[in-house]
Amino acid sequence: MDRMLVVVFDTENEAYEGKNALLQLDSEGSIAVFAYAVVAKNADGTATVKQGDDSGPLGTLVGTSLGSLIGLLGGPAGLAIGATVGLLAGSTADLNNARIGGDFIDDVTKELLPGKFAVLAEVQEDWTTPVDIRMEAINGTVFRRALSDVKHTVDEEEIATMKADLAQMKAENAQARADRKAKLQEKISQLESKIQARLEKAKERRHAAELQAKAKVEALKAKAAALKSKAIETHV
């Protein structure tokens, strides 16, 4: 099952131990880590990405579920190491792209207080015990949530309402006096541009989701092949 993991620690050293433990579990085949980041919560409520995984199977974290989660927790949209920005919680687009519920964000933010650190990871995890045991041993508090299917209904609904507004404006423009037509036409042009931009954004999100899904499949295939090869070598 694809899950989002957030493990909160009191110290930076513990957070890095937690990250290393996750990667060790990945190499052992207990879980599959698709992407991760180590985040520090600052005194002013912002967050700083201390370490990220741009070399993993998903590549850059920008546009991924993990990247959106970092943004919702107060991290930088660009995810540059060491960058810091303010809290973005409440962004519907980010919440949908993160593919988790708002209650999960609330639970994490109650524990991830200023001065604390967290390891965030998008993983495949068939059972929870391996991660829980390793994280508890280094004083980590684990939060996990299964990732929902990628949904495009929000994009479709917003575009539909914008198109309805556009149709009404065009109907008004057809009956408007000459002195009103110029202003209505300007609004129509602006709304048409917004609709086109939203359509392009929705298309990009679908394409990104497809690429990420394929990358995960390939990563799991490679991991299975590596574990099989290792098992064969062990028994030779």
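### Description of the overall build of the protein
- When you go through the protein residue by residue, the secondary structure sums to 7 helices and 6 strands.
- Counting from the amino terminus, helix and strand elements in the protein follow one another as β-α-β-β-α-β-α-α-β-α-β-α-α.
- For the protein, buried positions account for 38% of its 236 residues.
- Expressed as a percentage of contacts within the protein between residues at least 6 apart in sequence, the contacts between residues at least 24 apart total 73%.
- Of the roughly 12600 Å² of accessible surface on the protein, a fraction of 53% belongs to carbon and sulfur atoms.

### Some points on the pattern of salt bridges
- Per the counting criterion, the structure on display carries 8 salt bridges.
- Salt-bridge contacts for K170 lead to E192; the nearest nitrogen and oxygen are separated by 3.4 Å. You can see K170 sitting in helix α6 (residues 153-175) and its partner E192 sitting in helix α7 (residues 178-235), a full 22 residues away along the chain.
- A relative accessible area of 34% means that E192 is categorised as partly exposed.

### Considerations on the environment of S65
- Here S65 is to be found in helix α2 (residues 65-72).
- Between the C-alpha atom of S65 and that of I100, which follows or precedes it by 35 residues, the distance is 8.6 Å.

### Let's talk about the side chain of T46
- Mapped onto the secondary structure, T46 falls in the loop between β2 (31-41) and β3 (47-52).
- Residue T46 is classed as buried on the basis of its relative accessible area of 10%.
- In this structure the side chain of T46 is engaged in a polar contact, spanning 2.6 Å, whose partner is the side chain of D44.

### Considerations on the nonpolar core
- The biggest cluster of nonpolar side chains holds 22 residues, and the ones touching the most others in it are V6, L69, L73, I100, V108 and L120.
- When residues of this core are traced back to their parent elements, those giving at least two are β1 (2-9), β2, β3, α2, α4 (102-111) and β5 (117-125).
- For this core, the element with the most residues is α2, which contributes 4 residues.
- Excluding its chain neighbours within four sequence positions, the residues that come into contact with L120 are L5, V6, A35, Y36, A37, V39, L66, L69, I70 and L73.

### Quick look at α4
- Inspection of α4 places F104, I105 and V108 among the buried residues, and these make up the whole buried set. With its buried residues spanning 100° around the axis, α4 presents them on a single face.

### Let's talk about the environment of Q124
- When you line up the elements, Q124 lands in strand β5.
- By relative accessible area, Q124 is classed as partly exposed at 24%.
- Between the C-alpha atom of Q124 and that of L147, which follows or precedes it by 23 residues, the distance is 10.0 Å.

### Some words on the environment of A226
- Among the structural elements, A226 can be located in helix α7.
- By relative accessible area, A226 is classed as partly exposed at 45%.
- Here the alpha-carbon distance between A226 and G29, two residues 197 residues apart in the chain, equals 9.5 Å.

### Remarks on unusual backbone geometry
- At N139, a residue that is not glycine, the phi angle is positive and equals roughly 65°.
- Take N139: it is sitting in the loop between α5 (129-136) and β6 (141-146).
- N139 sits in the exposed class, given a relative accessible area of 52%.

Criteria and thresholds
Residues numbered from 1 in each chain as written. Predicted model: local features only at pLDDT ≥ 70, side-chain atom pairs only at ≥ 80, totals over all residues. Heavy atoms only, no water. Helix = DSSP H or I, 4+ residues; strand = E, 2+ residues; numbered from the N terminus. Buried < 20%, exposed > 50% of the residue type's maximum accessible area, 1.4 Å probe, protein only. Contact = heavy atoms within 4.5 Å. Areas by Shrake-Rupley, 256 points an atom, 1.4 Å probe, with all protein chains shown as cover. Salt bridge = Lys/Arg side-chain N within 4 Å of Asp/Glu carboxyl O. Polar contact = N/O pair within 3.5 Å; in protein donor to acceptor, adjacent residues only side chain to side chain. Core = buried A, V, L, I, M, F, W, Y, C linked by side-chain atoms within 4.5 Å. Arc of directions from axis to C-beta.

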